[in-house]
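Structural overview for review
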Amino acid sequence: MRAVVFTAEKRLAIEDRDIPIPGFKEILIKTAAVGICGTDTHVFDGEFEGTVFPLVPGHEATGTIIEMGAGVSRGVCDFAIGDRVAVNPSTTCGECEFCLNGHHNLCRFWNGLGVVASDGAAQEYFLAPAHNVYRLKSDTDIFHAALIEPLACAIRGWDVLPRRLGDHVLVYGSGTMGLLMAQLATRAGAASVSIVDLNTERLATAADCGIRNRFTSPDEADRKKWDVVIDCTGSISAIEDGLTRVKPAGFFQNFGVAPTHKTANYSPFRVYRDEISIVGTMAVLNSFGRAVEMFEAGVINAAAMISHSFTMDDYSVALEMFRSGQGRKLQIRPHDTESRVLVP
Ligand SMILES: [Zn+2]
Ligand SMILES: [Zn+2]
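Criteria and cut-off values
- Residues numbered from 1 in each chain as written.
- Chains lettered and ligands numbered in written order.
- Predicted model: local features only at pLDDT ≥ 70, side-chain atom pairs only at ≥ 80, totals over all residues.
- Buried ≥ 20, exposed ≤ 12 C-beta atoms within 10 Å, placed from the backbone.
- Helix = DSSP H or I, 4+ residues; strand = E, 2+ residues; numbered from the N terminus.
- Pairing = 2+ DSSP bridges.
- Arc of directions from axis to C-beta.
- Contact = placed C-beta atoms within 7 Å.
- Axes fitted to C-alpha atoms, helices over the stretch in contact; angles between N-to-C directions.
- Parallel < 35°, antiparallel > 145°, perpendicular 65-115°, else oblique.
- Left-handed = near helix turned anticlockwise from the far one by under 90°.
- Domains from an automatic or database assignment.
- Nonpolar A, V, L, I, M, F, W, Y, C, P; charged D, E, K, R; others polar.

This part covers the pairing of strand β16 (residues 306-310). In the case of a regular strand, side chains alternate between the two sheet surfaces. Most of β16 sits out of view: four of its five residues are buried. Here β16 pairs with strand β17 (residues 329-332) via four bridges, running parallel. Its bridge partner being in β17, Phe310 is matched across the sheet by Ile332. Both β16 and strand β18 (residues 340-341) contribute to a ladder of two bridges, which runs antiparallel. When the bridges of β18 are listed, His308 appears paired with Val341.

The following block contains the structure:
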């Protein structure tokens, strides 16, 4: 089989490899689709903490079960060959202080398939631990379903925000995560959802996803403050601006990944005086199963969010396109023979 391999920092190759054999409690999956996100560029550039090269990238994946290793308890999970599945890429040690206290996403030995030390899904077949595998309904679009992994991160994001009916929510960044957080805001009870992005093409995607208030700056909005402000850009200027837009008793969330060593300025006096809560959120925590259910309930407009699919040979084209900010969600489909434009 063929595999995309990050052989070293900033080096990529297509390799021929043996199809892996599932070990104890492992499942072999024929890959359908793999989303590309900012994490992949950080891994490729050698900027992700702990990455061990060579590594097959790909952590936002779906596929079909081909084979199950010993110990996969069919009684509990009831998996069968041919099941369509989505895969939670996070694996944790289960033994550190944070795992033992229920904060698995903060595990000191956190490992993500395609991110740290285990191969991901940008190959024709990949292995996943059985407890990371979630079955999809037979009529769920297996390509669109690769959005379930980022959706699981977004649900975790909402888990640490208040769910109060009638809140006004402002999201910075109309990329995949901003669009997911904004679409979930409606479900979380928001009276209004606004999204800002400097890139008007990205705002067009927000329109397709049903987000009514779209601005290149919050100054264009008919309100000055919001109950919940979510940064999905990681940009320091957006974060600094966003903090000033939070209503008293409101929440600000750092969802976007800011550069590791950058700092932002804010007014501690205002945070004190107005009881502003600043909250972080990291990856997936007990939210993958709910993401499957929300996705299958049609909560997000996946068709509007995925613009291009690429063959494995075009992986570097996809990575460059992602970096340039073009397109919407980009996917690798390892069994495809041609790359395609899905939303022009
Ligand atoms: Zn991702
Ligand atoms: Zn741990």
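Now that the structure is up, let's keep going.
With that out of the way, let us pick up helix α11 (residues 315-323). Among the residues of α11, Tyr315, Ala318 and Leu319 are the ones counted as buried. Taken around the axis of α11, the buried residues stretch over an arc of 100°, which confines them to a single face. Buried residues in α11 make contact with β1 (2-8), β2 (11-16), β3 (26-36), α1 (38-44), β16 and β17. Looking at the residues trailing α11, positive phi occurs at Gly325, about 80°.

Here we come to the packing of helix α4 (residues 148-159) against helix α9 (residues 288-296). Remark: α4 packs on α9, axes separated minimally by 8 Å, with the N-to-C direction vectors making an angle of 115°. In terms of orientation, α4 lies roughly perpendicular with respect to α9. Every pair of crossing elements has a handedness; the one defined by α4 and α9 is right-handed. Across the interface between the two elements, Ile148, Leu151, Ala152 and Ile155 of α4 pack against Phe288, Arg290, Ala291, Val292, Met294 and Phe295 of α9.

On to the environment of Asn111, then. Structurally, Asn111 is set in strand β7 (residues 111-112). For Asn111, a count of 16 C-beta atoms within 10 Å corresponds to the partly exposed category. When the C-alpha atoms of Asn111 and Gln253 are compared, they prove to be 24 Å apart, with 142 residues separating the residues in sequence. If sequence neighbours within four positions are ignored, Asn111 has contacts with Thr91, Val116, Ala117 and Ser118.

Before going further, it helps to examine the domain arrangement of the chain. For the chain, the domain assignment lists domain 1 (2-152 + 284-341) and domain 2 (161-280). Taking the mean C-alpha position of each, domain 1 and domain 2 sit 27 Å from one another. In this assembly, 12 residues from domain 1 lie in contact with 12 residues from domain 2. Broken down by secondary-structure element, the contributors of at least two residues to the side of domain 1 that touches domain 2 are α4 and α10 (302-305). Taken together, the residues of the side of domain 1 that touches domain 2 break down into seven nonpolar, three polar and two charged.

Next up on the list: the environment of Lys262. By the secondary structure assignment, Lys262 is in the loop between β14 (246-254) and α8 (268-273). Residues Lys262 and Ile236 lie 26 residues apart in sequence; the distance between their C-alpha atoms is 7.7 Å.

What follows concerns the environment of Val171. Tracing the sequence through the fold places Val171 in strand β10 (residues 168-172). A residue is classified by how many C-beta atoms lie within 10 Å of it, and Val171, with 32 of them, is buried. On a C-alpha basis, the gap between Val171 and Val87 in space is 27 Å, while along the polypeptide they are 84 residues apart. Contacts of Val171, omitting those with residues within four sequence positions, involve Gly178, Met181, Ala182, Ile195, Ile230 and Cys232.

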